[in-house]
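Observations on the model geometry
Okay, here's what each chain looks like letter by letter:
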Amino acid sequence: MNAVNPQRSGDPSRYGAVHPEATGQEIYDAGMVVRREVLGNAHVDRANANTDSFTEDYQDMITRIAWGGIWTRPGLSRQMRSVVTLTALVAHGHWEELAMHVRAALNNGLSRDEIKEILLQTAIYCSVPSANSAFKTAQKVFQDIDAASEASPTPN
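Residues numbered from 1 in each chain as written. Predicted model: local features only at pLDDT ≥ 70, side-chain atom pairs only at ≥ 80, totals over all residues. Heavy atoms only, no water.

For the rest of this paragraph, the subject is the overall build of the chain. The number of helices and strands found in the chain is seven helices and zero strands. For the chain, the residues scored as buried account for 32% of the 156 residues in total. Considering only contacts in the chain between residues 6 or more positions apart, those separated by 24 or more positions represent 62%. Summing over all exposed atoms, the chain offers an accessible surface of approximately 9800 Å²; the carbon and sulfur share of this is 55%. (Helix = DSSP H or I, 4+ residues; strand = E, 2+ residues; numbered from the N terminus. Buried < 20%, exposed > 50% of the residue type's maximum accessible area, 1.4 Å probe, protein only. Contact = heavy atoms within 4.5 Å. Areas by Shrake-Rupley, 256 points an atom, 1.4 Å probe, with all protein chains shown as cover.)

Structure follows, in structure tokens:
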């Protein structure tokens, strides 16, 4: 018998994938759906292909906890989650991860102008040197996206 946490009673959908009746597999599966929608199949496929016995527990954890436990929650839009994520990555200087999440922010519906405004805001609250690196990172992402777009043939 499952004991129900009185603080978590009510509408289970308010918790996203992590609700009292959810199985670990359901949380993982929901996390993988969101992870693929936000980061793209190519990124997730690369991460999975590079998984080995050393990293498999980590990949499982981020899929279940970050993507299944947090990103599935209905309390914030994906755009807002991207804003928070970009800001946190700038604040901590995680440039490789920032590049990935700039792409994710675009997938989540943020525009390049909105990303620019987020990075301008980080200059005030995270530091000008951090924002400088963030702008360089985002600029490179945009250049890569534009180059890939120009290189792919357009359908008639």
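Back to the write-up after that little detour.
Core analysis: the biggest nonpolar cluster contains 16 residues, and L86, V90, L98, V102, I115, L119 and F142 have the highest contact counts within it. Secondary-structure elements contributing two or more residues to this core are helix 4 (78-92), helix 5 (95-107), helix 6 (112-125) and helix 7 (128-151). For L86, the contacting residues outside a window of four places in its chain are L98, H101, V102, A105, I115 and I118. (Core = buried A, V, L, I, M, F, W, Y, C linked by side-chain atoms within 4.5 Å.)

What follows is about the pattern of salt bridges. All chains considered together, the criterion is met by seven salt bridges. D45 is the salt-bridge partner of R36, the closest N and O atoms lying 2.9 Å from each other. Between R112 and D146 there is a salt bridge, with its nearest N and O atoms 2.8 Å apart. Highlighted residues: R112 in helix 6 and D146 in helix 7, separated in sequence by 34 residues. With relative accessibility at 31%, the residue R112 sits in the partly exposed group. Salt bridges sharing partners connect three or more residues here, namely R103, K140 and D144. (Salt bridge = Lys/Arg side-chain N within 4 Å of Asp/Glu carboxyl O.)

A word on a nonpolar patch on the surface. Taken together, the side chains of Y58, M61 and I65 define a hydrophobic patch exposed on the protein surface, amounting to about 300 Å² of accessible area. Following the sequence through the fold, M61 ends up in helix 3 (residues 56-70). (Patch = residues over 30% accessible without salt bridge, like charges linked within 9 Å, V, L, I, M, F, W, Y side chains within 5 Å.)

Here we come to unusual backbone geometry. Despite not being glycine, S127 has its phi angle at roughly 125°, a positive value. Structurally, S127 is set in the loop between helix 6 and helix 7. For S127, a relative accessible area of 25% corresponds to the partly exposed category.

Our focus in this paragraph is the confidence of the model for the chain. Here the chain averages 91 in pLDDT, and 90% of its residues register 70 or above. Contacts for the low-pLDDT stretch residues 1-6, under 50 throughout, to residues beyond four places or in other chains number one contact. (pLDDT = per-residue confidence, 0-100.)

Counted as a void, the largest pocket has a volume near 660 Å³. Forming the walls of the largest pocket are 25 residues, and the residues nearest its centre are L39, W67, E97, M100 and H101. For the lining of the largest pocket, the elements supplying multiple residues, two or more each, are helix 1 (24-39), helix 2 (41-49), helix 3, helix 4 and helix 5. When grouped by side-chain class, the residues that make up the lining of the largest pocket number 14 nonpolar, five polar and six charged. (1 Å grid on protein atoms, 1.4 Å probe; cavity = no way out; pocket = protein on both sides within 12 Å on 5 of 7 lines; lining within 4 Å. Points joined across faces, edges and corners; volume = space filled by probe spheres on them. Nonpolar A, V, L, I, M, F, W, Y, C, P; charged D, E, K, R; others polar.)

Below, the discussion takes up the environment of V34. Its place among the elements puts V34 in helix 1. Of the residues examined, V34 reaches a relative accessible area of 6% and is grouped as buried. Put simply, V34 and T63 are 29 residues apart on the chain and 9.0 Å apart in space, counted from C-alpha to C-alpha.

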